[in-house]
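What follows is each chain in one-letter form.
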Amino acid sequence: MKEISMKNDSFCIYGAGIVATSIYKAIKTLYGKQPLSFIVSDSELSEKSTTPEKIDSIPVIGLSEWQERQQGEYCKHVTLKYIVAVPEVHHAVIMKSLLEKGVYKEDVILITGDMENQLMEEYFWLKHSEQGKYGQGARTVKAVLDKTFQDKAYLEKKNCDIIFKDDAHIGDAAKEEKAVSIEVFQAKCHVDKPLTTSIVMPDYIVPIQVGTVFADKKIAAVQDNVGDNISHKNRNYCELTASYYAWKNGKADYKGLCHYRRIFDITEEQMQRLLGMEDKWDVILPYPSIHYPDISTQHVRYIGKEDWKAMMQALEEKAPEYYRAYLEAVANEEQQFLNYNMLIAKKKIFDDYCNFLFEVLARTEELTIPKGENRADRFAGYMGENLTTIYFLKNREHLKILYAGKKWLV
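1. With respect to the overall build of the protein chain
Okay, step 1: Helix and strand counts for the protein chain stand at 16 helices and 18 strands.
Okay, step 2: Across the 410 residues in the protein chain, those meeting the buried criterion constitute 52%.
Okay, step 3: Taking the intrachain contacts of the protein chain between residues at least 6 apart in sequence as the baseline, contacts between residues at least 24 apart amount to 71%.

Here's what the structure looks like:
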């Protein structure tokens, strides 16, 4: 990755969350380098329940302590780079803090969404070259497109609406006959903050208003309170009310979910070409985040102890094979976690995933205290991320999984 020169410089990573640990894992694997330390704000360090003391034996320390070490013998005669690996929305504040501590601007590397995608692309491409527990999965959208993007003969044989610039000889009837439908619902809510990002949204993305029953205005052509729906549960289920709508009402050959602030980094043209490769993939997932020491730490930040206990009981009751798969994954120190409840999948797979997800969540609602119907704290949405991870951990050996980057809209 040309933006980061890892040849000679020592470095530290600002951050200790899912972005930081993922960037760390990629750099360690690709470059064989690791940071002197992970740095967090002094206030974040005080949150003992969520901030680890170490990551892979590398200390996590506060910014003030790091400055003291800088002034001592710890880093004398060493050229240091500061890799800021947190969501971009926090970059400006962190840069200001580092400059105030005497760090030179040219020594700070801000990991943008595009840089994160590039690093994770290279990391998972390498992982795909390894045989074993990653099964058929661990491939990337970019790798598949790079291999077959120019293979027109291959694409023309597939049952998909692929139109090349020189395909004028193909009649409209033939084009219509080859069409494959896709709807990736982008969850939007009337309480969302305005976005400043200007982007032409790909045609395969369909905005859907979630929590419509609580709104006094329409903000999208599709609403989640139509047909068989759980719009009234949006304050607990968040974007998952859009997944439920897609499950019960969507008819497309491929269905999916993304967010008003997060979409897949896949253009319309790339998606149309992917639809022509139905034998190459079953599902597209965002690059997993890396968790230390394993994925069992993920629920601590967002899900209460008793709620987690209720979800695990529901999982054991309703899907015992998935319950066992999760315990086995933790025992094997599985570190890859799927955030954001985002995916694109063939209809059969999407519907099976939703059947699993909402059955477990419905039972969890009955077990929690207070019960789900008496709450409005997004607990089911957070649990959904864990259940999404568990579903694809259990099924990754026989599913053809592609990973893709996500584009942040701010």
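Once the structure has been displayed, the description carries forward.
2. Notes on the side chain of Asn236
Okay, step 1: Within the secondary structure, Asn236 sits in helix α9 (residues 234–237).
Okay, step 2: What Asn236 contacts, discounting residues up to four positions off in sequence, is Gly372, Arg375, Ala376, Asp377, Arg378, Phe379, Ala380 and Gly381.

3. Looking at the environment of Glu306
Okay, step 1: With respect to the helices and strands, Glu306 occurs in helix α13 (residues 305–318).
Okay, step 2: Note: C-alpha distance between Glu306 and Ile369 (63 residues apart in sequence) is 8.1 Å.

4. Details of the pattern of salt bridges
Okay, step 1: Evaluation of the coordinates by the stated rule reveals 16 salt bridges.
Okay, step 2: Lys407 is the salt-bridge partner of Asp265, the closest N and O atoms lying 3.4 Å from each other. Pair noted here: Asp265 is in the loop between β12 (262–264) and α11 (268–275) and Lys407 is in strand β18 (residues 406–408), with a separation of 142 residues, a long-range link.
Okay, step 3: A relative accessible area of 29% places Asp265 in the partly exposed class.
Okay, step 4: For Lys346, the salt bridge is made with Asp282, and the minimal N-O distance between the two is 3.2 Å. Placement of Lys346 in strand β16 (residues 343–346) and of Asp282 in the loop between α11 and β13 (283–286) is noted, with a sequence separation of 64 residues between them.
Okay, step 5: Take Lys346: its relative accessible area is 22%, and that puts it in the partly exposed class.
Okay, step 6: For Asp282, a relative accessible area of 11% translates into the label buried.
Okay, step 7: One salt-bridge network, in which partners are shared between bridges, spans Lys255, Lys347 and Asp351.

5. Brief notes about the confidence of the model for the protein chain
Okay, step 1: Here the protein chain averages 87 in pLDDT, and 85% of its residues register 70 or above.
Okay, step 2: Low pLDDT, under 50, characterises residues 131–137; the stretch is placed with 18 contacts to residues that sit more than four places away or in other chains.
Okay, step 3: Taken as a whole, residues 152–177 scores under 50 in pLDDT and shows 44 contacts with residues more than four places along the chain or in a different chain.

6. Description of the sheet that holds strand β2 (residues 38–40)
Okay, step 1: Read across the open sheet, the six strands follow the order β3-β4-β2-β1-β5-β6; overall the sheet is mixed. At either margin of the open sheet sits one strand with a lone partner, and together these are β3 (54–55) and β6 (108–110).
Okay, step 2: In terms of strand pairing, strand β1 (residues 10–14) meets strand β5 (residues 80–84) through five bridges, oriented parallel. Considered in β5, the bridge of Ser10 is made with Leu80.
Okay, step 3: Contacting β1, β2, β3, β4 (58–62) and β5, helix α1 (residues 18–31) crosses the sheet at an angle of about 155 degrees to β1.

7. Points about unusual backbone geometry
Okay, step 1: Here the bond from Tyr292 into Pro293 is cis, since omega is 0 degrees, no more than 30 degrees from zero.
Okay, step 2: With respect to the helices and strands, the residue Pro293 is situated in the loop between β14 (289–290) and α12 (298–302).
Okay, step 3: Here Ile369 and Pro370 are connected by a cis peptide whose omega angle stands at -5 degrees.
Okay, step 4: Relative to the elements of secondary structure, Pro370 occurs in the loop between α15 (347–367) and α16 (379–395).
Okay, step 5: Non-glycine residue Ser57 carries a positive phi angle of around 70 degrees.

8. Notes on the sheet that holds strand β11 (residues 254–259)
Okay, step 1: On the basis of which strands lie adjacent, the open sheet formed by eight strands has the order β7-β17-β13-β16-β11-β8-β9-β10 and mixed pairing. Because the sheet does not close on itself, it has two edges, and the strands there are β7 (139–140) and β10 (222–223).
Okay, step 2: With two bridges joining them, strand β9 (residues 205–209) and β10 adopt parallel strand pairing. Following the sheet pairing, Ile208 is matched in β10 by Val222.
Okay, step 3: Relative to β11, helix α10 (residues 240–249) is tilted by about 170 degrees, and along the sheet it contacts β8 (182–188), β9, β10 and β11.

9. So, the packing of aromatic side chains
Okay, step 1: Tallied over the entire structure, the rule returns 22 aromatic pairs.
Okay, step 2: Measuring from ring centre to ring centre gives 5.1 Å for Tyr244 and Phe358, while their planes differ by 90 degrees; the resulting arrangement is edge-to-face. Remark: Phe358 occurs in helix α15 and Tyr244 occurs in helix α10; sequence separation between them is 114 residues. Across the pair, exposure class does not vary: Tyr244 and Phe358 are buried alike.
Okay, step 3: Each ring, one from Tyr254 and one from Trp281, has its centre 5.0 Å from the other, and the planes form 35 degrees; the classification is tilted. Remark: Trp281 occurs in the loop between α11 and β13 and Tyr254 occurs in strand β11; sequence separation between them is 27 residues.
Okay, step 4: Judged by its relative accessible area of 4%, Tyr254 is buried.
Okay, step 5: Looking at Trp281, the relative accessible area reads 0%, which means it is buried.

Rules behind the numbers
- Residues numbered from 1 in each chain as written.
- Predicted model: local features only at pLDDT ≥ 70, side-chain atom pairs only at ≥ 80, totals over all residues.
- Heavy atoms only, no water.
- Helix = DSSP H or I, 4+ residues; strand = E, 2+ residues; numbered from the N terminus.
- Buried < 20%, exposed > 50% of the residue type's maximum accessible area, 1.4 Å probe, protein only.
- Contact = heavy atoms within 4.5 Å.
- Salt bridge = Lys/Arg side-chain N within 4 Å of Asp/Glu carboxyl O.
- pLDDT = per-residue confidence, 0-100.
- Pairing = 2+ DSSP bridges.
- Axes fitted to C-alpha atoms, helices over the stretch in contact; angles between N-to-C directions.
- Phe/Tyr/Trp six-rings, centres within 6.5 Å; stacked < 30°, edge-to-face > 60°.

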